[in-house]
Structures are given as structure tokens and as C-alpha cells.
Amino acid sequence: MTAGDMTAGIAPGITRERAEPRTATGTATASRGLPTALALLTGSLLTLVGLTWDVQWHTDVGPDTFFTLPHLFLYAGSAVAGLASLGAVLAATAGQRAGRDPDPVVGGRPIAVLRVFSAPIGYLVAGCGAASFLLYGLWDQWWHGLYGFDAVIDSPPHIGLLLSVMATLVGTVMVFAAAYRQTWGRVGTVTSLGILAAFSTIVVLGFSNVDGPVDAVSAALSWLMVVLVVTAVGFARKPGLAVALAVALGIIQAVGWWFSPWVTHVYADAVGLPIRDYIRGVPVMPALMPMGLVLVAALVEVFAVAARRGNRWLPAVAGALAGGLVAGFQGVQNAWVYGYAVPPVGDLAPTVVAGAVLGLLAGFVGWRFGRMLRLVNPGKA
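In what follows, the accompanying structure is described.

### Side note on empty space enclosed by the protein
One simple way to see leftover space: roll a probe sized like a water molecule over the atoms. Applying the stated criterion across every chain, the model contains 3 cavities of 30 Å³ or more. Put simply, the largest cavity is a space of about 130 Å³. Forming the walls of the largest cavity are 13 residues, and the residues nearest its centre are Asp-54, Leu-74, His-158, Leu-161 and Leu-162. Taken together, the elements giving at least two residues each to the lining of the largest cavity come down to helix H3 (27-60), helix H4 (69-97), helix H5 (121-147) and helix H6 (156-178). A total of 4 residues in the lining of the largest cavity trace back to one element, the largest contributor, which is H6. Taken together, the residues of the lining of the largest cavity sort by class into 9 nonpolar, 2 polar and 2 charged. Together, 13 residues line the second largest cavity, and Thr-47, Ser-78, Ala-81, Val-165 and Thr-168 are the ones closest to its centre. Looking at the lining of the second largest cavity, the elements with two or more residues in it are H3, H4, H5 and H6. Here the element with the most residues in the lining of the second largest cavity is H6; it accounts for 4 residues. Of the residues belonging to the lining of the second largest cavity, the class tally is 5 nonpolar, 8 polar and no charged.

Pasting the structure below:
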């Protein structure tokens, strides 16, 4: 897709000339776009807190009901993100009807929806994710009503809920990427990418029951991490964004390592439920996050310097190396965190090879995802 292709979906009543991005953005635009973007980011953070808490609850306490405090954080985060997206779409539509030029800094270029609404593409994606979350939430409530509790995290409605939140987080990244030349846009892009990376780690548990010589969870994790890292270097025109993403993930991991067990135990005491006596005391979701991602991101950044000069096969090579490293490191990390012996090299080898193959594909598509992310706002902010 090219920048010209995207103009075909611009809201009705806006000519191609008027829809072209502005060459300069003033303080008014920045101040107008920031509050809604912050509301969207707040919703994303609430959802991440709720998920980290809920995963720990399932491990340390056990089954739960629909209306628990961790669940309410999840629902509140999605609701805040959905309302922020709806507000942005309505504001953009009102501005278009009043004859004001759309500014792609505020959520990205506008897309026509049902020939009625003018929706900034970042908020459109985030809002669709929040709406999908609502539908899966109704299914989850029915699931609780039918079975009374959740025995596992990866129940069918939960998978839909997790994927819906990931869509909202992708939209959040797009919103801040559209304002990347603003200081708040750069900070928000790094933060939202870190949240997306942290949240995506729980999705790989859907592969826990896959048997074979390959650790499917570690291989899937390597795929997701490499896609995000290479997307970051493909989007940024200068080095540093991928390493910043890895640092943001490390900060989230460090905070979650303390927070998730603490809040779970406090809440269990408050509602009079006992903690299981056989738990390991490991923060489940933070333990899934790769601890060596900073080094992997730095390696990818080195390859990206040459890739920006035209060597476009290098992102795939960097992805293969990064995927193998993430998959291999994860086996060592799991052994260290959970206190068992590090697997022999022969046992790790199939997972490393699988991670490298998936990383090759992740590098290929991630580089293109990064270029696509530039089209959210192809003009000079």
C-alpha cells in the first residue's frame, strides 16, 4: 500500500488536496491530540495491570468469578480505550463537517466509515479492538454463568479477549506513531510498544499443550518479540527505538515482578481466600517476558543501519538471529527463574532452530510493518 492508496479511503467531503498532511504542526495541534492519546494510553495501562494481576490470581489463588477486581481493571481499561477512540472519531467527524482540514498528527490519517464518520486510523483500530472486547466479554460472562468459574486462563472467551486487547494496543501504537515528531508522540510510541510487548507474552500460553521436541511457547514468543523489534527499527528513521522498546519492557517487567504477587496476596486476604500452599512464588507474567531483549534489540539495530541504506534482506537475517537467541535464552531463563537445571544444548537446539525460522519470517514482515506504520502519517509533522 502506498500513501496514494490510502487517500481512497479518506472521509467523504474531503478532497485529495485538502487531505494531504500539513507540512507543519503547531502547538494547538499537539495540545489537541495529546489528551485523547493519553486517555487511550491510560486504558492500555489499566488493561495490562488487570491482566498481570489476573494471571497471578489464577496461579496463586485459583478459579475466580466474573466480577473480581482484576477483571474490573481489564474491563475498565478497555472501556476507557473505547470511549477515547469514540471521542476521537466523533471529534474528527465534526471537524470534517465543519470544513476543517484533517490533521494526521491526531491519530493518523482519517478513514471513511459507512460514509458517515471520519475516523483517524489509529483510533479506528483501537476502537474496533475495544468493541470486540465487549462482545467477547459478554461471552465470558455467559461462560462464567454456565461453569461458575474459570479453571484455566486460556479458555475460548479469554483468547478472544486477549486478541481484542492486542488490537487496541496496536491502535494505540499507531496513534502515537502518527505524532512521532512530537516529544509526547515519541514517548508514547516507546511506552505503547512496551505495553504491547508485555501484553503479548501471555498470548503464547495458548501453545502450552503443543507437544514435541520444540518448546512451542518459547518459539511463539520469539516470533512476537522479533516482529515488534523489527517493526520498531523499520518505522524509525534513526537508531534507538528498538532498544528503547526493550528498555520499556524491562521496566514493566521489573515493576510487575514486585506488583503482581503483592497485589494478589493483598486482595486474597481482603476477600478471605487462602493462597495455595504449593506455589513457587514466581510472578507468572513478568517471568514470561524475555530478560535479554535489550541485547537482541541492539543486535537488530546494527543490522538496521545497513538495511536503511538499501540492503533490504538484512532485516530477515537479523530476525533469524534474534529469533534463535530469544528462543534459546528463554529456555535458560525459565530454568533460572523456576529453579531447575538448564536443559542440555541438544534439548534446546530444536527450539532455537524453530525460533530462527520464525524469526526469519518475523524480520521479513516486521520490516514491512514498520514501513506501513509510517503511512499512518506520511507527511512532516
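### Notes on the nonpolar core
In this structure, Leu-51, Phe-199, Ile-202 and Leu-293 are the most contacted members of the largest nonpolar core, which totals 82 residues. The biggest single contributor to this core is helix H8 (residues 216-235), with 13 residues. Contact partners of Ile-202, with chain neighbours within four places excluded, come to Leu-51, Val-55, Leu-162, Met-285 and Leu-288.

### As for the environment of Arg-374
Mapped onto the fold, Arg-374 is located in helix H13 (residues 345-374). Owing to a relative accessible area of 17%, Arg-374 belongs among the buried residues under this scheme. Separated by 194 residues in sequence, Arg-374 and Tyr-180 place their C-alpha atoms 9.6 Å apart. Ignoring any residue separated from it by four or fewer positions in sequence, one finds Arg-374 in contact with Gly-234, Phe-235, Ala-236 and Arg-237.

### Describing helix H9 (residues 241-271)
The first and last C-alpha atoms of H9 sit 43 Å apart over 31 residues, in line with the 45 Å expected at 1.5 Å per residue. Looking one or two places after H9, you find Gly-272, whose phi comes out positive at around 75°.

### Structural notes on the packing of helix H7 (residues 183-203) against H9
As a packed pair, H7 and H9 sit with axes 8 Å apart at the nearest point and diverge in direction by 60°. With respect to H9, the element H7 is oriented oblique. As H7 packs across H9, the resulting crossing turns out to be right-handed. On H9, the residues touching Thr-189, Val-190, Leu-193, Gly-194, Ile-195, Ala-197 and Ala-198 of H7 are Leu-241, Ala-244, Leu-245, Ala-248, Leu-249 and Ile-252. When its residues are assigned to classes, the contact of H7 with H9 shows 11 nonpolar, 2 polar and no charged.

### Focus on the side chain of Thr-189
Among the secondary structure elements, Thr-189 is positioned in helix H7. On the accessibility criterion, Thr-189 (0% relative accessible area) is buried. Among the polar contacts listed, one links the side chain of Thr-189 to the backbone oxygen of Phe-176, at a separation of 3.3 Å. For Thr-189, the residues in contact, after removing those within four places along its chain, are Phe-176, Ala-177, Tyr-180 and Leu-241.

### Structural notes on a nonpolar patch on the surface
A cluster of nonpolar residues, Val-247, Ile-251, Val-255, Trp-258, Trp-262, Val-266 and Val-294, forms a patch on the protein surface that exposes about 660 Å² of accessible area. The element that contributes the greatest number of residues to the nonpolar patch is H9, accounting for 6 residues. Note that Trp-262 resides in helix H9.

### Some details on the packing of aromatic side chains
For the structure shown, the criterion picks out 10 aromatic pairs. Between the aromatic rings of Phe-176 and Trp-184, the centroid separation amounts to 5.9 Å while the plane-to-plane angle is 75°, which identifies the pairing as edge-to-face. An angle of 55° between the planes, with centres 6.2 Å apart, marks the rings of Trp-258 and Phe-259 as tilted. Trp-258 gets classed as exposed once you look at its relative accessible area, which sits at 53%. Aromatic rings pair up to connect Trp-53, Trp-57, Phe-73 and Tyr-267 into one cluster. Here the basic side chain of Arg-368 rests over the ring of Phe-364, its NZ or CZ set 3.9 Å away from the ring centre.

### As for the packing of H6 against H7
At a minimum axis distance of 8 Å, the contact between H6 and H7 shows a crossing angle of 165°. Taken together, the axis directions place H6 and H7 in an arrangement best described as roughly antiparallel. Considering the relative orientation of H6 and H7, their crossing is left-handed. Contact residues: Leu-162, Leu-163, Val-165, Met-166, Leu-169, Val-170, Thr-172, Val-173, Phe-176 and Ala-177 in H6; Trp-184, Gly-185, Gly-188, Thr-189, Ser-192, Leu-193, Ile-195, Leu-196, Phe-199, Ser-200, Ile-202 and Val-203 in H7. Among the residues making up the contact of H6 with H7, the classes are represented as 16 nonpolar, 6 polar and no charged.

Criteria and cut-off values
Residues numbered from 1 in each chain as written. Predicted model: local features only at pLDDT ≥ 70, side-chain atom pairs only at ≥ 80, totals over all residues. Heavy atoms only, no water. 1 Å grid on protein atoms, 1.4 Å probe; cavity = no way out; pocket = protein on both sides within 12 Å on 5 of 7 lines; lining within 4 Å. Points joined across faces, edges and corners; volume = space filled by probe spheres on them. Helix = DSSP H or I, 4+ residues; strand = E, 2+ residues; numbered from the N terminus. Nonpolar A, V, L, I, M, F, W, Y, C, P; charged D, E, K, R; others polar. Core = buried A, V, L, I, M, F, W, Y, C linked by side-chain atoms within 4.5 Å. Buried < 20%, exposed > 50% of the residue type's maximum accessible area, 1.4 Å probe, protein only. Contact = heavy atoms within 4.5 Å. Expected span 1.5 Å × (residues − 1). Axes fitted to C-alpha atoms, helices over the stretch in contact; angles between N-to-C directions. Parallel < 35°, antiparallel > 145°, perpendicular 65-115°, else oblique. Left-handed = near helix turned anticlockwise from the far one by under 90°. Polar contact = N/O pair within 3.5 Å; in protein donor to acceptor, adjacent residues only side chain to side chain. Patch = residues over 30% accessible without salt bridge, like charges linked within 9 Å, V, L, I, M, F, W, Y side chains within 5 Å. Areas by Shrake-Rupley, 256 points an atom, 1.4 Å probe, with all protein chains shown as cover. Salt bridge = Lys/Arg side-chain N within 4 Å of Asp/Glu carboxyl O. Phe/Tyr/Trp six-rings, centres within 6.5 Å; stacked < 30°, edge-to-face > 60°. Lys NZ or Arg CZ within 6 Å of the ring centre and 35° of its normal.

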